[in-house]
Amino acid sequence: MTDLLTAADVLLMQELAQRIAAVRPELVNSDASYGELAWNWGKGHAAQGASWVRRLWFAGDDLVAWGWAQLPRSVRLNDGSVNDVTGAYLAYQVHPGHAGLADEVIDWFDATADGLERTVLPGAADKFGLERWAAHGYRPDPEGLGETGSWTQLNERDLEVLETPVLPDGFRFRTAAEAGPEAAVQAHVAAWGVTAYTLEGYEGVRATPAYRSDLHILVEAPDATMAASTIMWWDEANKTVEFEPVGTHPDYRRLGLGRAMLLHGMDRARAAGAAHATVACLGAPGHPSARGLYYSVGFRAVSRDVPLLKPA
């Protein structure tokens, strides 16, 4: 059934992500992970939810595949400008035990976004899925795969041994519960610049069942500026934590804040019961900074996605 995406749907989609991560983590698509689903739904549904349609596929009572089509819309940014999105993007997931449903997902997306340019990010490890997308006319996106392309890689590490985080003098760690909503939004906007993120978006994030304010970490500068921030999403079923997003204020970069924040976050996650952590980043050669940061604290690449497009 096709309908607008709901909070209840997202919970089912997260549960599917947990089941796949337990057996074939390399097949969890980049926008289909436990934390990414909560983050994307939470921050955007109030403003953009009217353009989000979905279809769900079940085997008995279990969700085994889903498609979330993000259709043309106007997105108001925090500098007052408006970004008009004219194409359609599909986030999706198919359980490996029901791989044949890929064709139904693709057919549904083609019908839903008929006449529009269509983009999708299947995982490189999903050989069967890539064959099916190619059979339906989807081709690698040269720009997305270029030197400064948009493809992402997933990185992981265990939490058995952690370095002690070190902040420069005068800086301190805060949680979002301590700092408050305005500070949490300020930290994100300062790090990411022109964005659609607002206090309303953060309230949506906070309302997701997966959100924990004690796992939302900020770094406060001596002048009280929120200089860095990250949210960790705790998947208790798999004893893993996912960092999304991670950002540092431009005026406070190259001070080691991001590195210290990640180490501090992993220590807090381990105290909560996590044994494993993941974080995604842009993987193209022209985007070395985030990848270098994650590698510096022990993360290593485990999977990546492949941008595909189909012209209007």
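Residues numbered from 1 in each chain as written. Predicted model: local features only at pLDDT ≥ 70, side-chain atom pairs only at ≥ 80, totals over all residues. Heavy atoms only, no water.

Taking an unreviewed UniProt entry as the reference, the protein is identified by name as Acetyltransferase (GNAT) family protein belonging to Amycolatopsis rubida.

**Q** Could you give an account of the overall build of the protein, with specific residues and numbers?
**A** In terms of regular secondary structure, the protein is built from nine helices and 16 strands. Radius of gyration (C-alpha) of the protein: 19 Å, near the 20 Å computed for a compact globule of 312 residues. In terms of overall dimensions, the protein has C-alpha extents of about 55 × 45 × 40 Å along its principal axes. Counting over 312 residues, the protein shows a buried share of 52%. Contacts in the protein between residues at least 24 apart in sequence constitute 71% of all its contacts with a sequence separation of at least 6. Surface accessibility of the protein: about 13,700 Å² in total, with carbon and sulfur atoms responsible for 52%. Across the protein, the mean location of the 26 positive side-chain charges is 3 Å away from that of the 40 negative side-chain charges. (Helix = DSSP H or I, 4+ residues; strand = E, 2+ residues; numbered from the N terminus. Rg over C-alpha atoms; globule rule 2.2 N^0.38 Å. Buried < 20%, exposed > 50% of the residue type's maximum accessible area, 1.4 Å probe, protein only. Contact = heavy atoms within 4.5 Å. Areas by Shrake-Rupley, 256 points an atom, 1.4 Å probe, with all protein chains shown as cover. Lys, Arg positive; Asp, Glu negative; His and termini not counted. Charge placed at Lys NZ, Arg CZ, Asp CG, Glu CD.)

**Q** Could you give an account of the sheet that holds strand 9 (residues 152-158), with specific residues and numbers?
**A** Sheets are built from strands paired through backbone hydrogen bonds, the pairs being either parallel or antiparallel. Spatially, seven strands are ordered 10-11-12-13-14-9-15 in an open sheet, and the strand pairing comes out mixed. The outermost strands of the open sheet, each flanked by one partner alone, are strand 10 (172-175) and strand 15 (300-304). Each strand of the sheet is rotated relative to its neighbour by a mean of 30°, with strand direction disregarded. Bridge analysis of strand 11 (residues 216-220) against strand 12 (residues 226-235) gives five bridges, and the strand direction is antiparallel. Following the sheet pairing, Glu220 is matched in strand 12 by Met226. In the packing of helix 8 (residues 257-272) onto the sheet, the strands contacted are strand 9, strand 10, strand 11, strand 12, strand 13 (240-248) and strand 14 (276-282), and the crossing angle to strand 12 comes to about 30°. (Pairing = 2+ DSSP bridges. Axes fitted to C-alpha atoms, helices over the stretch in contact; angles between N-to-C directions.)

**Q** Please give an account of unusual backbone geometry that cites residues and values.
**A** Residue Pro245 is bonded to the preceding Glu244 through a cis peptide linkage, with omega at 0°. Positive phi is not limited to glycine here, since Lys239 has a value of about 50°. Looking at where Lys239 falls in the secondary structure, it is placed in the loop between strand 12 and strand 13. Overall, Lys239 belongs to the partly exposed group, its relative accessible area being 47%. Positive phi is not limited to glycine here, since Arg254 has a value of about 65°.

**Q** Can you explain the nonpolar core? Please cite residues and give values.
**A** Among the nonpolar cores identified, the biggest contains 30 residues, and Phe171, Phe243, Leu257, Met266 and Phe299 are the most heavily contacted of them. When residues of this core are assigned to their parent elements, the largest contribution, seven residues, is made by helix 8. Contacts of Leu257, omitting those with residues within four sequence positions, involve Leu167, Pro168, Phe171, Val219, Ala227, Ala228 and Tyr252. Val53, Val64, Ala88 and Ala113 belong to the second largest nonpolar core, which has 22 residues in total. (Core = buried A, V, L, I, M, F, W, Y, C linked by side-chain atoms within 4.5 Å.)

**Q** Please provide a residue-by-residue account of the side chain of Ser303, values included.
**A** As for its position among the elements, Ser303 is in strand 15. Judged by its relative accessible area of 15%, Ser303 falls in the buried class. When neighbours within four sequence positions are excluded, Ser303 is seen to be in contact with Glu26, Thr152, Gln153 and Leu154.

**Q** Pulling in residues and values, what's your account of the packing of aromatic side chains?
**A** If you walk through the whole model with that rule in mind, you get 11 aromatic pairs. Seen in terms of ring centroids, Trp133 and Tyr138 are 4.7 Å apart; in terms of plane orientation they differ by 80°. Their pairing is edge-to-face. For the pair shown, Trp133 and Tyr138 are each scored as buried. An aromatic cluster is defined as three or more aromatic residues linked by ring pairs; in this entry it consists of Trp41, Trp52 and Trp68. The lysine or arginine in question, Arg300, covers the ring of Tyr295, its NZ or CZ lying 4.9 Å from the ring centre. One cation-aromatic arrangement involves Arg304 over Trp151; the distance from NZ or CZ to the ring centre is 3.6 Å. (Phe/Tyr/Trp six-rings, centres within 6.5 Å; stacked < 30°, edge-to-face > 60°. Lys NZ or Arg CZ within 6 Å of the ring centre and 35° of its normal.)

**Q** Report on the pattern of salt bridges, specifying residues and quantitative values.
**A** Following the criterion strictly, the structure yields 13 salt bridges and no others. Residues Arg24 and Glu26 are paired through a salt bridge, measuring 2.5 Å at the closest nitrogen-oxygen approach. Take Arg24: its relative accessible area is 34%, and that puts it in the partly exposed class. Exposure remark for Glu26: the relative accessible area of 23% places this residue in the partly exposed category. Taking the shortest distance from any N to any O, the salt bridge between Arg118 and Asp110 comes out at 2.8 Å. In this pair, the class of Arg118 matches that of Asp110, namely buried. (Salt bridge = Lys/Arg side-chain N within 4 Å of Asp/Glu carboxyl O.)

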